[in-house]
Amino acid sequence: SLRGLPVLHPLFGLSTTEARNLRFLTNILGLTEPSLVIFDEPAAGLLPWEAAKIADLFKDMRSFGHTILAMEHGREIVEAADEVVAFGPGAGSEGGQVVFQGPPQKFLDGPLNPYDTKAMAGMARRSMPADKAPATTRISRERRGPRGRHIRASAPRSPASQGDHHLQATFRHWYGFTDFAIDIPLGRLVCVCGPSGSGKTAYLQAAFASCDKTPTGWQGRTDLADRYGCDRIRRPYLITPEPIGKHAGSTPATYIGVWDRIRDLY
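Not measured: the values here are computed from a predicted model.

Novice: Before we go on, may I ask you to explain the side chain of His-66 in this structure?
Specialist: Relative to the elements of secondary structure, His-66 occurs in the loop between helix 2 (48-63) and strand 2 (67-71). For His-66, a relative accessible area of 9% puts it in the buried group. From its side chain, His-66 meets the backbone nitrogen of Ser-35 in a polar contact 3.2 Å long. Residue contacts for His-66: discarding those within four places in its chain leaves Leu-31, Glu-33, Pro-34, Ser-35 and Met-61.

This is the structure we're talking about:
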C-alpha cells in the first residue's frame, strides 16, 4: 500500500467475477436522477454473503429514489425485494403466466417457494400427466443362461471403485500464484468453491492445462513443475459460462467435437 491506500490491481489481473463487479459498479455510478434500473441475474455465480451485499446495495439505490427491477433466482435478492412477481407454472411452453405477485415473505411461505425442494418435487409430481409420469419398476439382476439356469449379474462398478487415482500437477507460476498445485480425485464429482477472486477459475484452468493434449497444449505447461495421473484421462473439456455460439443451431455437442466426427464419417 501507498500512504495507507490499497494498491489497485491492473485490469488484466482481475478475476472474471471481479471484472464483472467492476463493470457493474461503473454502470450505476453515473445514476443521478431517479431511474428505472433493470438487472438480469446480478447475483449469478456469487456466494450467499456476496449476494447479500448486492441486496444491500439495491436497498441503498432504492433509498435514493431509484426503481430496481431484478430477474433473479437467488434467495438473498428475493428476500430483500419489496414485491415479488413469479412466473410459471413451468418452463418454456408451460410458463408465461404470473402465478404470484406480492410481498416476498408471503411468497416464501406459500406453495410456490422454489427453495422448498420437497414441496416443489411434490408439485411437479402432481402436475405431471399420468402418461408422462416416470414408471416405478423393480429391476431384477437375474437372467437365464443358455440352459435355463439362473445367472446373477454383478452390479456395474463405478469409476471410483476401480482405484483411488488422482490428477495432480504443480506449476511454478500460475496466474500470479507461486507453486500453484492441484489435486483432483478421478472418477468423482468435485466442486471448487470460494469467494470471488480467490483462484477458482485459475484452479480449473490449471487442471485443464495439465492434461491438455491438443497440439498447442504445451504452451500452457511452460511453468509446469510436475504432474501425475494424466495417463488416465483421454482428454479434458473446458466449458465456460460464455454462450455456446452466436449461431442458433449451436448445441453443447459443439464443445465435445461431435460434429467433427460426423463430418469425418460423411
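Next comes the rest of the account.
Novice: What's the story with helix 6 (residues 200-210) in this structure? I'm lost.
Specialist: One turn of an α-helix holds 3.6 residues; hence residues three or four places apart share an orientation. Along helix 6, the residues classified as buried are Ala-202, Ala-206, Ala-207, Ala-209 and Ser-210. Within helix 6, the buried residues cover an arc of 165 degrees as seen down the axis, which keeps them to one side. Summarising the contacts, the buried residues of helix 6 are in contact with strand 7 (166-174), strand 8 (177-185) and strand 9 (224-228).

Novice: Which parts of the structure should I look at to understand unusual backbone geometry?
Specialist: Most peptide bonds adopt trans geometry, and most residues besides glycine take a negative phi value. Along the chain, Gly-88 connects to Pro-89 via a cis peptide bond; the corresponding omega equals 5 degrees. As for its placement among the helices and strands, Pro-89 is situated in the loop between strand 3 (84-88) and strand 4 (97-102). Even without a glycine there, the phi angle at Glu-41 is positive, about 50 degrees. You can see Glu-41 is positioned in the loop between strand 1 (36-40) and helix 2. For Glu-41, a relative accessible area of 31% gives the class partly exposed.

Novice: Please clarify how the sheet that holds strand 7 should be interpreted in this entry.
Specialist: Either a parallel or an antiparallel arrangement is found when strands of a sheet pair, and the pairing is made through backbone hydrogen bonds. The three strands are arranged 8-7-9 in an open sheet whose pairing can be described as antiparallel. On the outer flanks of this sheet lie strand 8 and strand 9, each paired with one strand and no other. Across the sheet, the mean angle from the axis of one strand to that of its neighbour is 5 degrees, orientation sign disregarded. Sheet topology places strand 7 next to strand 9; four bridges connect them, and they run antiparallel. Looking at strand 9, one finds that Gln-168 is bridged to Tyr-228. On the sheet, helix 6 packs against strand 7, strand 8 and strand 9 and is oriented at approximately 75 degrees with respect to strand 8.

Novice: Hey, could you run me through the environment of Phe-64 in this one?
Specialist: Structurally, the position occupied by Phe-64 is in the loop between helix 2 and strand 2. By relative accessible area, Phe-64 is classed as exposed at 64%. Sequence separation between Phe-64 and Leu-31 is 33 residues; the distance between their C-alpha atoms is 10.0 Å.

Novice: Would you take a moment to explain the pairing of strand 1 for this structure?
Specialist: It is a general feature of regular strands that their side chains alternate between the two faces of the sheet. Burial along strand 1 is one-sided: Val-37 and Phe-39 are buried, and none of Leu-36, Ile-38 and Asp-40, which face the opposite way, are. Taken together, the five bridges between strand 1 and strand 2 define a ladder with parallel strand orientation. Bridging from a neighbouring strand, Leu-36 pairs with Thr-67 of strand 2. For the crossover from strand 1 across helix 2 to strand 2, the handedness is right-handed.

Novice: How do you make sense of helix 2 when you look at a structure like this?
Specialist: Taking 1.5 Å per residue as the helical rise, helix 2 with its 16 residues ought to reach 22 Å, and the 23 Å between its terminal C-alpha atoms agrees with that figure. Among all positions in helix 2, only Glu-50, Ala-51, Ile-54, Ala-55, Phe-58 and Met-61 are buried. Mapping the buried residues of helix 2 onto a view down its axis gives an arc of 150 degrees, with all of them on the same face. Every exposed residue of helix 2 that faces more than 90 degrees away from the buried side is listed here: Pro-48, Lys-53 and Ser-63. At the C-terminal side of helix 2, Gly-65 shows a positive phi close to 95 degrees.

Novice: What is the right way to look at the pattern of salt bridges in this model?
Specialist: Opposite charge on two side chains lets them pair, provided their charged atoms get close. A full pass over the atoms with the stated rule returns three salt bridges. Across the pair Arg-75 and Glu-79 runs a salt bridge, and its minimum N-O distance is 2.8 Å. Within this pair, Arg-75 and its partner Glu-79 are both found in helix 3 (residues 75-80), separated by four residues, close to a single helical turn. For the salt bridge of Asp-260 with Arg-263, the shortest nitrogen-to-oxygen distance reads 2.9 Å. Here the residue Asp-260 and the residue Arg-263 both occupy positions in helix 8 (residues 258-265), the gap between them amounting to three residues, near one helical turn. With a relative accessible area of 44%, Asp-260 lands in the partly exposed category. Among the residues examined, Arg-263 registers a relative accessible area of 56% and is labelled exposed.

Criteria and thresholds
Residues numbered from 1 in each chain as written. Predicted model: local features only at pLDDT ≥ 70, side-chain atom pairs only at ≥ 80, totals over all residues. Heavy atoms only, no water. Helix = DSSP H or I, 4+ residues; strand = E, 2+ residues; numbered from the N terminus. Buried < 20%, exposed > 50% of the residue type's maximum accessible area, 1.4 Å probe, protein only. Polar contact = N/O pair within 3.5 Å; in protein donor to acceptor, adjacent residues only side chain to side chain. Contact = heavy atoms within 4.5 Å. Arc of directions from axis to C-beta. Pairing = 2+ DSSP bridges. Axes fitted to C-alpha atoms, helices over the stretch in contact; angles between N-to-C directions. Right-handed = clockwise from strand over helix to strand, strands pointing away. Expected span 1.5 Å × (residues − 1). Salt bridge = Lys/Arg side-chain N within 4 Å of Asp/Glu carboxyl O.

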